[in-house]
Amino acid sequence: MNRTCITAAAAAALLVAPTLPASAQTARTISRSDKAQGAQAHPQLLAEFGGAYSGPQAAYVERVGKRVAVQSGLSNAQGDFTVTLLDSSVENAFAIPGGYVYVTRQLLALMNSEAELAAVLGHEVGHVAARHSNKRNTRATLGGLLSAGVGWLTGSDILGRIASTGTQLYTLGFSRSQEYEADGLGVRYATAAGYDPYGMSAMLRQLNDDQTLSAQIEGRQADAVPGWASTHPNGADRVARARQLAQQMRAAAPSMAQDTTFLRMLDGMPYDDNPAQGIIEGQTFRHPQLRLQFTAPEGYKIDNGSDAVTVAGSGGQAQFRAAAATTDLAGFVRGRLSELGARDAGAVELRSGQANGLQTVQGTVSATSNGRAVDATVIAYRFPSATYSFLVVTPSGSRLGAFASMVSSVAELSPQAAGSIRGKRIRIATVKAGDTIDSLARRMAYPDYQRERFVTLNGLEDATTLAPGRLVKLVVAG
């Protein structure tokens, strides 16, 4: 089981590239404490984000990341930095103390040039160099970041005990002024490393377009899209500001030539979900190896983490997890409620039932979250080789509410159905005479929004005429 981190200073602030923080100007090596902190968190982050991707793109990202990171002043040795391409379908990038820098393959696929990659990585290193994580009004320690159950209704006796999920692990947001500062630092680092400073504005515009399309596909407001854009506020004003920063670097207007080396590097890289971790198709989650599936309510967002699947919407949130097989579902449910902090879980009334031939047991307790009363329900399913369960959190008195149909939809997948599940990959195609946006978009491995997905992925204007010889990205099956 298993979507982004690039933000407004005060109105009177000058649009100039900020000077490096004193710590970034003077430090020439990463401190021992930061190295220890980062080394402790690194394996946890790998686990949360699907592990390190080992394809040929990983070495490319590492080279660019180290080239940019040494411009930060954190260290003048590239060997002090660990740059990792994560095997995750979540659009994300971040850096942590100790020289650890991360970007997901899903965000990499959205980029169209090495300069954009350099800008993103420079931005994330900028947050560390400016010590922004230490200035946030939240848990300041890295351990706190790793344990925060972001996305959940935290703050209650029961819900505060819910473990974090991978897709929302590092989503404690930065302030708008911190984002602007990191943008400026990212532009400075990338430029110093020899990259086009317009990469930052190009990437921010690309993210805006992607955010808008995601909201359209999922039927949500554009500003409600989770991921990089929600934790690092974006907008047209930020794109314009990044462009001004590039101009202040005395850079020529951005080149219109394609970065063909970068695009060809992306060829063959997996896109969207890794079938080994389960896939999301519309409102249905299917896992070929675990041989199970369920369908979320319409309008609800599914996030696939490394150890849990979360479903969230206006009527509450749910989390789906796996555990060892047991014949005592009642004991499992009581134990899970007890782990979550329920008082006297042994006295909770349980209900037995069936879902698509699977034995089920469920129990509900009352809890509070941020001063509001909620219902917390655990539903366990007995599979041949494991026990799966939902934790559903809804407003008080709702019980399962909108999630009733979802918990009833859990079912086993047949071997044939499981074997038919395939992933997607990026393929780089060369435009031929007669090709159009529409003709190429029809090759995208999606049943809907083919044109919109193609235009956004390739950073095109909707009315663009494609010239023969141009390279374009396609998402294809397999």
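Data block above holds the structure.
Residues numbered from 1 in each chain as written. Predicted model: local features only at pLDDT ≥ 70, side-chain atom pairs only at ≥ 80, totals over all residues. Heavy atoms only, no water.

Student: Go over the pattern of salt bridges with me, naming the residues and quoting the values.
Tutor: All chains considered together, the criterion is met by 13 salt bridges. In this structure, the salt-bridge partner of Arg-105 is Asp-87, at a minimum N-O distance of 2.5 Å. Taken together, the positions of Arg-105 in helix α4 (residues 105–110) and Asp-87 in the loop between β1 (82–86) and β2 (93–96) put the pair 18 residues apart, joining distant regions of the chain. We classify Arg-105 as buried; its relative accessible area is 1%. By relative accessible area, which is 12% here, Asp-87 ends up buried. Close ionic contact of Arg-427 with Asp-267 constitutes a salt bridge, the shortest N to O distance being 3.3 Å. Here Arg-427, found in strand β16 (residues 424–430), pairs with Asp-267, found in the loop between α11 (260–266) and β4 (270–271); they are 160 residues apart in sequence, far enough to count as distant. Classification of Arg-427 as partly exposed rests on a relative accessible area of 37%. With a relative accessible area of 33%, Asp-267 lands in the partly exposed category. (Salt bridge = Lys/Arg side-chain N within 4 Å of Asp/Glu carboxyl O. Helix = DSSP H or I, 4+ residues; strand = E, 2+ residues; numbered from the N terminus. Buried < 20%, exposed > 50% of the residue type's maximum accessible area, 1.4 Å probe, protein only.)

Student: So what's going on with the packing of helix α5 (residues 114–129) against helix α7 (residues 176–192)? Residues and values would help.
Tutor: Packing of α5 against α7 brings their axes to within 7 Å, and their N-to-C directions diverge by 125°. Taken as axis vectors, α5 and α7 run oblique relative to one another. α5 and α7 meet at a crossing whose hand is right-handed. Along the contact surface, α5 presents Ala-118, Ala-119, Gly-122, His-123, Val-125, Gly-126, His-127 and Ala-129, while α7 presents Gln-178, Glu-179, Ala-182, Asp-183, Leu-185, Gly-186, Tyr-189 and Ala-190. Taken together, the residues that form the contact of α5 with α7 break down as eight nonpolar, six polar and two charged. (Axes fitted to C-alpha atoms, helices over the stretch in contact; angles between N-to-C directions. Parallel < 35°, antiparallel > 145°, perpendicular 65-115°, else oblique. Left-handed = near helix turned anticlockwise from the far one by under 90°. Contact = heavy atoms within 4.5 Å. Nonpolar A, V, L, I, M, F, W, Y, C, P; charged D, E, K, R; others polar.)

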